[in-house]
Amino acid sequence: MNIKKFIEEFLSIIDIGMSSDINAFLRGDEDILKYEIEADNKKTCIIRIKLKNYNDTSEKKFWESFVSFIGYRYLNLYIREELQSEKKYSYITADKDMEGIRIEMFIS
C-alpha cells in the first residue's frame, strides 16, 4: 500500500470541535511566533507555523506535542518531508469509524 496515496485520498472532515482544538493548541503554544490556518477544497486543513527558535529539536518537539494534543487514539499517520527552508507534515488522524481530518503542516 502506498502510504502517501492513502493520506492524500483519505476522506477528511473538518468539524467545529477539531477546528477549535487546533486553534486552542496553536494559541496556547509559546514557541510559536505566528501561524496561519486555511482549508482547501479537499477538506484538508493547511497550517503554516513559524517558530520563534526554529531548529530540528524545536520542530520535532512542537510536532510531537501537536499530535499528542490533536490526534485521535485509533489512527495517527504522517509523512515528514524536508523542504528547502521548512518541514512539511502530511498527517491524518481518525477514530475507529475512520472519520477524521487530513492536515498539511509546514513548520519553519
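Since we're looking at a predicted model, the values are computed, not measured. (Residues numbered from 1 in each chain as written. Predicted model: local features only at pLDDT ≥ 70, side-chain atom pairs only at ≥ 80, totals over all residues. Heavy atoms only, no water.)

Asks: Got a minute to help me understand the overall build of the protein chain in this structure?
Replies: When its secondary structure is counted, the protein chain shows three helices and five strands. Taking 108 residues into account, the globule formula puts the C-alpha radius of gyration at 13 Å, and the protein chain, at 13 Å, falls close to it. In terms of overall dimensions, the protein chain has a C-alpha envelope of 40 × 30 × 25 Å along the principal axes. When the 108 residues of the protein chain are sorted by exposure, 36% land in the buried category. Look at the contacts in the protein chain between residues 6 or more apart in sequence, and 51% of them connect residues 24 or more apart. Accessible area of the protein chain: about 7000 Å², with a carbon and sulfur share of 47%. (Helix = DSSP H or I, 4+ residues; strand = E, 2+ residues; numbered from the N terminus. Rg over C-alpha atoms; globule rule 2.2 N^0.38 Å. Buried < 20%, exposed > 50% of the residue type's maximum accessible area, 1.4 Å probe, protein only. Contact = heavy atoms within 4.5 Å. Areas by Shrake-Rupley, 256 points an atom, 1.4 Å probe, with all protein chains shown as cover.)

Asks: I'm lost on the sheet that holds strand E3 (residues 75–82) in this one. Help?
Replies: The strands that make up a sheet pair up through hydrogen bonds in the backbone, lying either parallel or antiparallel. With mixed pairing, five strands are arranged side by side in an open sheet as E1-E2-E5-E4-E3. Edge positions in the open sheet fall to strand E1 (32–39) and E3, since each of these has one partner strand only. Across this sheet, the average inter-strand angle for adjacent strands is 15°, counted without regard to direction. Note that strand E4 (residues 87–94) and strand E5 (residues 100–107) share eight bridges and pair antiparallel. Residue pairing in the sheet places Lys88 in a bridge with Phe106 of E5. The strands that helix H2 (residues 16–28) touches are E1, strand E2 (44–51), E4 and E5; relative to E1, the one it contacts most, it runs at about 165°. (Pairing = 2+ DSSP bridges. Axes fitted to C-alpha atoms, helices over the stretch in contact; angles between N-to-C directions.)

Asks: What should I look at first to understand the environment of Asn55 in this one?
Replies: Looking at where Asn55 falls in the secondary structure, it is placed in the loop between E2 and helix H3 (56–70). According to the relative accessible area criterion, Asn55 is partly exposed, its value standing at 39%. Linking Asn55 and Ser90, residues 35 residues apart in sequence, is a C-alpha distance of 19 Å. Within the structure, the side chain of Asn55 is placed 3.0 Å from the backbone nitrogen of Thr57, a separation counted as a polar contact. (Polar contact = N/O pair within 3.5 Å; in protein donor to acceptor, adjacent residues only side chain to side chain.)

Asks: What am I meant to see in the pairing of E1 here?
Replies: Walk down a regular strand and you will see the side chains alternate between the two sheet faces. Pairing between E1 and E2: seven bridges, direction antiparallel. By the bridge assignment, Glu36 is partnered in E2 with Arg48. Between the antiparallel neighbours E1 and E2 lie four residues, among them Lys43 with a positive phi of about 60°.

Asks: What's the story with the packing of H2 against H3 in this structure? I'm lost.
Replies: Packed helix pairs are characterised by how far apart their axes lie and by the angle those axes make with each other. For the pair H2 and H3, interaxial distance at closest approach is 10 Å and the crossing angle is 145°. Helix-helix and strand crossings are classified by hand; for H2 and H3 the assignment is right-handed. Every residue of H3 that contacts H2 at Met18, Asp21, Ile22, Phe25 and Leu26 is listed here: Phe62, Ser65, Phe66, Phe69 and Ile70. Counted by class, the contact of H2 with H3 contains eight nonpolar, one polar and one charged residues. (Left-handed = near helix turned anticlockwise from the far one by under 90°. Nonpolar A, V, L, I, M, F, W, Y, C, P; charged D, E, K, R; others polar.)

Asks: Please clarify how the side chain of Ser58 should be interpreted in this entry.
Replies: Here Ser58 shows up in helix H3. Within the structure, the side chain of Ser58 is placed 2.7 Å from the backbone oxygen of Asn53, a separation counted as a polar contact. Residues within four places of Ser58 in sequence aside, it is in contact with Leu51 and Asn53.

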